[in-house]
Amino acid sequence: MISRRRIPARSTPACTLARAASALVAGLVLATLSATVQRPVAAQVPTPASILGFVPGTDRELANWSEMTTYYSALARASNRVVLDTLGSTTDGRPFVMLTVTSPDNHDRIDELHDIQMRLADPRGITGPREAARLVAQGRTVVLITHGIHATEVGSAQSAANLAYRLASSNDPVVREILDNVILLQIPSLNPDGMEWVVDWYRRWVGTEYEAAPLPWLYHRYVGHDNNRDWYAFTQAETQLTIEKAHNAWHPQIVHDIHQMGGGGARIFFPPYIEPWDPNIDPGLTTAVNQLGTYMAAELTAGGKSGVVVQAIYDAYTPARAYQHYHAGARILSETASADLATPVEVDRDDLGGGRGYDAASRSWNYPWPWEGGRWGLPDIVDYMESGAMALLTHAARNRSYWLQNFLEIGERAITVADGTPEAWVIAADPGARPAIDYALRILAMGDVEVHRAEAPFTVDGNRYPAGTWVIPMRQPYASFVQTLLERQVYPDLREYPGGPPRRPYDVTAHTLPLLFGFEAEPVYSPLGVALSDPIDPPALDFRLPPELTGDDAPRVAIYKGHQEPMEAGWTRWVFDQHGLAYDTLHDATVRAGDLNARYDVILLQDQSPASISQGFAAGRLPDRYVGGLGDAGLRALRDFVRNGGRLVAIEEATDLAIDLFDLGISNAVERMPTNDFFIPGSLLGVELEDGLFARGLETEAAGWFWRSSRAFDVRDPTARVLARYGDAPLLSGWALGPDRVAGRPALVEVPVGRGSVTLFGFQPNYRGQSMATWPLLFRALAGPPQRVFDDF
């Protein structure tokens with residue numbers, strides 16, 4: 001474990017008069033914040049400190065979202081380089097804003113420059129080389145910088161104000177060069193709700209024994225940290241606004257996503273990324289990312305900053321984190337080492353550890369100047385972040401022609417179907433799969449993909465398709481987005497060393513929409529020869545509950561929500577809300593109070609460790625109201641609930657608690673297996689229903705999500721009923737070592753207990769709001785199988 005000693009404060013920070021004043025006027029300013037705010041010229045551009053009362057990046061000082069939007073409004077009113085747009089509202093109703101920063105001359109020509117960018121983004125409308133050269137010569141590099149998606153990575157959103165002020169006020173030649181050649185779209189927080197909560201929580205306890213204590217709820221209403229895994233499903237309001245009103249509205253050549261990482265290694269990461277890259281990403285993007293990230297690393301190192309690492313830790317495989325890689329934009333992720341929120345720490349040199357692709361204690365080609373340890377705090381974090389952003393913007397300005405030409409050439413390659421690439425994908429208009437197809441079509445259309453309907457029957461590659469078939473031609477700019485989402489993934493077998501254990505992916509290895517949602521999509525390789533409709537608009541989501549979960553006779557459902565709620569539970573609440581399912585969130589105190597049968601028929605435990613559920617946060621880490629979990633009283637109440645006729649549904653790791661609580665004759669058949677023998681790090685496996693009563697009215701086969709906490713069961717209890725098993729050749733998409741270890745094993749099991757029952761999911765039926773194909777299994781488990789009686793077991 002890394003030794004990170006918190007540095008005590010000399011005195012408790014005071015709430016300055018300026019901060020207090022800004023808090024009072026924040027509501028007034030936000031109430032008058034128009035959709036677009038710009039003032040031509042002002043005598044003096046306000047500093048962040050003049051509004052916030054401190055310089056962002058000061059130890060133990062954080063500005064919340066209300067205060068930051070007050071500052072951005074003042075900045076836009078004072079500077080003719082800045083326009084502030086309110087793009088919409090967050091999940092919890094806060095303003096979601098974007099700054100457009102460029103020279104006054106560029107602002108005056110913004111419509112013309114936008115038109116140039118849109119024409120470069122889709123080369124099909126360019127008449128020839130002469131026009132292409134003119135557009136490249138006249139255009140500007142468009143850069144999108146996003147801050148603060150993960151609210152506990154507090155430096156990112158704080159640094160946004162410093163960067164905006166520098167660009168709005170400085171007449172330094174480097175800044176002027178950036179303003180003349182770059183149009184910067186700056187989203188100062190991708191998660192304003194979480195920023196408000198985390199900052200207010202930190203302020204509440206700073207200077208006390210609970211300073212920098214963890215937030216005891218998810219820092220996004222539904223998805224917590226997984227808000228950075230939503231860049232192809234587009235489920236959350238903040239993702240949708242960013243895609244529609246920044247990415248698709250401008251198609252930036254460069255997207256810089258500013259994050260923080262753990263504090264026990266390098267001080268900052270830039271690309272190149274480690275392998276694998278998704279093979280659908282254009283090689284021009286791979287090389288662009290590599291050269292830009294390396295340039296940024298070189299600039300920081302030349303500026304005297306140690307601890308810069310490249311080609312380590314992070315890969316570039318999944319579109320869940322990299323929408324722009326399928327839209328001709330280079331994604332530059334930076335990850336800066338964290339402190340304890342805004343509280344500085346002391347890191348011992350001997351405790352610096354390694355990471356994938358480097359050792360923080362040793363010099364190497366990709367980590368040439370190791371950080372020696374010592375004090376690290378918010379001032380360092382913000383300094384490194386701002387330096388990285390300025391290096392990126394400088395490169396974008398000085399290499400404007402390269403970025404625009406490369407952008408154009410990527411688009412030109414996209415509209416030319418290469419050997420082995422489909423001419424189109426087709427999706428039959430299956431009424432039974434219409435909600436799943438609509439979900440997929442919504443993703444594609446929101447991703448700026450042109451989706452059509454065939455206006456007549458047609459035959460291609462020997463197959464006959466009716467009129468109304470959905471057709472996605474592949475001669476279009478964002479065909480790679482189509483390909484990666486509709487094809488099955490074959491993740492490479494990467495090892496730490498030859499014959500060694502598998503190299504863990506940074507995230508997951510599969511994202512095949514037809515399998516996740518449950519519909520058929522087919523590639524075709526010959527010209528279609530049929531008239532197509534105009535491109536469709538994104539269909540609205542229309543999720544509907546099964547009848548057994550509606551009406552007065554519907555079961556009373558509760559989902560457990562402790563102070564360590566897992567993201568999977570948040571995603572499940574999102575699915576419930578999208579479907580209009582009535583449910584309660586069940587807190588520790590309510591469970592401990594007992595008499596659960598009087599209020600609920602079924603309780604859901606999402607993927608969470610038994611210790612987290614039963615014990616929660618340890619005493620002393622947070623105030624008393626947030627510590628402890630269910631405890632003995634809560635576990636007794638759960639036991640009584642089931643024995644008195646209630647139903648408990650447990651998923652993945654939470655099944656361990658249910659198995660122990662009721663002493664079930666069931667275990668995890670793949671527990672503690674060496675990774676050389678068994679390793680499935682986020683893949684889609686075939687699941688086959690075998691219990692006729694449970695399966696009544698459901699598809700008998702589906703793709704189940706299997707990852708780090710999933711299980712395959714060994715069932716010894718003679719009363720248990722196996723509801724579903726993994727297939728005999730289970731891997732459908734992704735990567736699996738030792739798939740035979742789960743082949744044919746129980747994946748979903750139901751056990752009678754007293755007058756009630758326990759249902760155990762070994763796989764995740766609601767993977768990030770995407771595994772629509774297995775939602776019916778979760779809903780059936782909540783509703784209970786039709787006419788289930790346990791007397792005849």
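Computed from a predicted model, the values in this text were never measured in an experiment.

K.L.:
Looking at this model, I keep getting lost on helix α3 (residues 65-78). Mind explaining?
P.N.:
Residues spaced three or four apart along an α-helix point in a common direction, a consequence of the helix completing one turn every 3.6 residues. The first and last C-alpha atoms of α3 sit 20 Å apart over 14 residues, in line with the 20 Å expected at 1.5 Å per residue. With 12 of 14 residues buried, α3 is to be regarded as a mostly interior element. Here α3 starts with a cap whose side-chain oxygen sits 3.2 Å from the backbone nitrogen of S66, and that cap is N64.

K.L.:
Help me out: how do you make sense of the environment of P786 in this one?
P.N.:
Tracing the backbone shows P786 in the segment after α23 (775-783). Residue classification places P786 among the partly exposed residues on the basis of a relative accessible area of 24%. Put simply, P786 and R119 are 667 residues apart on the chain and 57 Å apart in space, counted from C-alpha to C-alpha. Contacts of P786, omitting those with residues within four sequence positions, involve L693, R696 and R780.

K.L.:
Just checking my understanding: could you explain empty space enclosed by the protein for this structure?
P.N.:
Rolled over the atoms, a probe sized like a water molecule indicates the empty space that remains. Tallied over the full model, the rule gives seven cavities of 30 Å³ or more. What lines the largest cavity is T146, L190, N228, W231, H247, V255, D257, R321, Q324 and R331. Among the residues making up the lining of the largest cavity, the classes are represented as three nonpolar, four polar and three charged.

K.L.:
How should I be thinking about the sheet that holds strand β18 (residues 452-453) in this particular structure?
P.N.:
The strand order across the open sheet built from four strands is β18-β21-β17-β22, with neighbouring strands paired in antiparallel fashion. On the outer flanks of this sheet lie β18 and β22 (522-524), each paired with one strand and no other. As paired elements, strand β17 (residues 424-427) and β22 share three bridges and run antiparallel to each other. Bridge assignment links V426 to a residue of β22, and that residue is E522. Here helix α14 (residues 434-446) sits on the sheet and contacts β17 and β21 (470-473); the angle it forms with β21, its principal contact strand, is near 25 degrees.

K.L.:
Help me understand the sheet that holds strand β26 (residues 647-651), please; the structure alone is not making it clear to me.
P.N.:
Pairing between the strands of a sheet comes from backbone hydrogen bonds, and it takes one of two forms, parallel or antiparallel. Sheet architecture is open: nine strands sit in the order β24-β23-β25-β26-β33-β32-β31-β28-β29, paired in mixed fashion. Either end of the sheet is taken by a strand with one partner, and the two such strands are β24 (583-586) and β29 (701-706). Averaged over all pairs of adjacent strands, the angle between strand axes in this sheet comes to 25 degrees, irrespective of strand direction. By the bridge criterion, four bridges tie strand β23 (residues 557-560) to β24 in an arrangement that is parallel. Across the sheet, I559 pairs through a bridge with T585, a residue of β24.

K.L.:
In this structure, what is going on with the pattern of salt bridges? I would like to understand it.
P.N.:
Two side chains that carry opposite charge are able to pair once their charged atoms sit near each other. Tallied over the entire structure, the rule returns 33 salt bridges. D542 is the partner of R544 in a salt bridge, and the nearest nitrogen-oxygen pair spans 2.9 Å. Given the relative accessible area of 65%, R544 is considered exposed. What makes D542 partly exposed here is its relative accessible area of 40%. Put simply, D226, R229, D507 and R768 are held in one network by salt bridges that share partners.

K.L.:
Which parts of the structure should I look at to understand the side chain of S79?
P.N.:
Mapped onto the fold, S79 is located in the loop between α3 and β3 (82-89). By relative accessible area, which is 2% here, S79 ends up buried. Polar contacts involving the side chain of S79 include one to the main-chain amide nitrogen of R81, which spans 3.1 Å.

K.L.:
Would you explain the packing of helix α8 (residues 173-181) against helix α12 (residues 378-398) in this entry?
P.N.:
Axis angle and axis distance: for two packed helices, these are the angle between their axes and the distance between the axes, and together they describe the pair. One can describe the packing of α8 onto α12 by two numbers: an axis separation of 8 Å at closest approach and a directional angle of 55 degrees. On the basis of their axis angle, the class for α8 and α12 is oblique. Here the hand of the crossing between α8 and α12 comes out left-handed. Only M390, L393, T394, A397 and R398 of α12 make contact with α8, whose side of the interface consists of V174, V175, E177, I178 and N181. By residue class, the composition of the contact of α8 with α12 is six nonpolar, two polar and two charged.

K.L.:
Is there a simple way to explain the nonpolar core in this structure?
P.N.:
In summary, soluble globular proteins display a tendency toward joint burial of nonpolar side chains. Of all hydrophobic cores here, the largest spans 220 residues; its most connected members are Y72, L393, F517, F519 and L782. No other element matches the 12 residues that α12 contributes to this core. With sequence-adjacent residues up to four places away left out, F517 is seen in contact with A436, Y439, A440, I443, Q770, M772 and A773.

K.L.:
Mind showing me how you'd approach the pairing of strand β31 (residues 721-733) here?
P.N.:
For a regular strand, the rule is simple: side chains alternate between the two faces of the sheet. Bridge count for strand β28 (residues 683-689) against β31 is five bridges, and the pairing is antiparallel. When the bridges of β31 are listed, L685 appears paired with L731. Where β31 meets strand β32 (residues 746-753), four bridges bridge the pair, whose relative direction is antiparallel. Among the inter-strand pairings, R721 is bridged to a residue of β32, identified as E750.

K.L.:
Just checking my understanding: could you explain the pairing of strand β33 (residues 756-761) for this structure?
P.N.:
Counting buried positions along β33 yields six of six residues, so the element is predominantly enclosed. Burial along β33 is two-sided: the face carrying G756, V758 and L760 and the face carrying S757, T759 and F761 are both buried. Bridge count between β26 and β33: five bridges; the pairing is parallel. Bridged to R647 within β33 is S757. Direction of pairing for β32 relative to β33: antiparallel, over a ladder of six bridges. Its bridge partner being in β33, L748 is matched across the sheet by F761. Connecting β32 to the next strand, β33, in antiparallel fashion are two residues, including G754 with a positive phi near 60 degrees.

K.L.:
Is there a simple way to think about the confidence of the model for the protein chain in this case?
P.N.:
Do not read the fine detail of predicted coordinates wherever pLDDT is low. Mean pLDDT over the protein chain: 94, with 94% of residues reaching 70 or higher. Below a pLDDT of 50 lies the segment residues 11-42, which in the model reaches 65 contacts outside its immediate sequence neighbourhood of four places, other chains included.

K.L.:
What should I look at first to understand the layout of surface pockets in this one?
P.N.:
The volume enclosed by the largest pocket comes to roughly 1400 Å³. As for the largest pocket, its lining consists of 48 residues, of which F517, G518, E699, A773 and P776 are closest to the centre. Of all elements in the fold, only α14, α16 (513-518), β28, β29, β31 and α23 reach the threshold of two or more residues within the lining of the largest pocket. Across the lining of the largest pocket, the residue classes break down as 28 nonpolar, eight polar and 12 charged. In this structure, the second largest pocket spans a volume of roughly 780 Å³. T152, P214, L215, Y219 and R621 are, among the 37 residues lining the second largest pocket, the residues nearest its centre. Where the lining of the second largest pocket is concerned, the elements lending two or more residues are β1 (4-6), α9 (192-205) and α17 (567-579). Among the residues forming the lining of the second largest pocket, the class breakdown is 16 nonpolar, 12 polar and nine charged.

Procedures and definitions
Residues numbered from 1 in each chain as written. Predicted model: local features only at pLDDT ≥ 70, side-chain atom pairs only at ≥ 80, totals over all residues. Heavy atoms only, no water. Helix = DSSP H or I, 4+ residues; strand = E, 2+ residues; numbered from the N terminus. Expected span 1.5 Å × (residues − 1). Buried < 20%, exposed > 50% of the residue type's maximum accessible area, 1.4 Å probe, protein only. Polar contact = N/O pair within 3.5 Å; in protein donor to acceptor, adjacent residues only side chain to side chain. Contact = heavy atoms within 4.5 Å. 1 Å grid on protein atoms, 1.4 Å probe; cavity = no way out; pocket = protein on both sides within 12 Å on 5 of 7 lines; lining within 4 Å. Points joined across faces, edges and corners; volume = space filled by probe spheres on them. Nonpolar A, V, L, I, M, F, W, Y, C, P; charged D, E, K, R; others polar. Pairing = 2+ DSSP bridges. Axes fitted to C-alpha atoms, helices over the stretch in contact; angles between N-to-C directions. Salt bridge = Lys/Arg side-chain N within 4 Å of Asp/Glu carboxyl O. Parallel < 35°, antiparallel > 145°, perpendicular 65-115°, else oblique. Left-handed = near helix turned anticlockwise from the far one by under 90°. Core = buried A, V, L, I, M, F, W, Y, C linked by side-chain atoms within 4.5 Å. pLDDT = per-residue confidence, 0-100.

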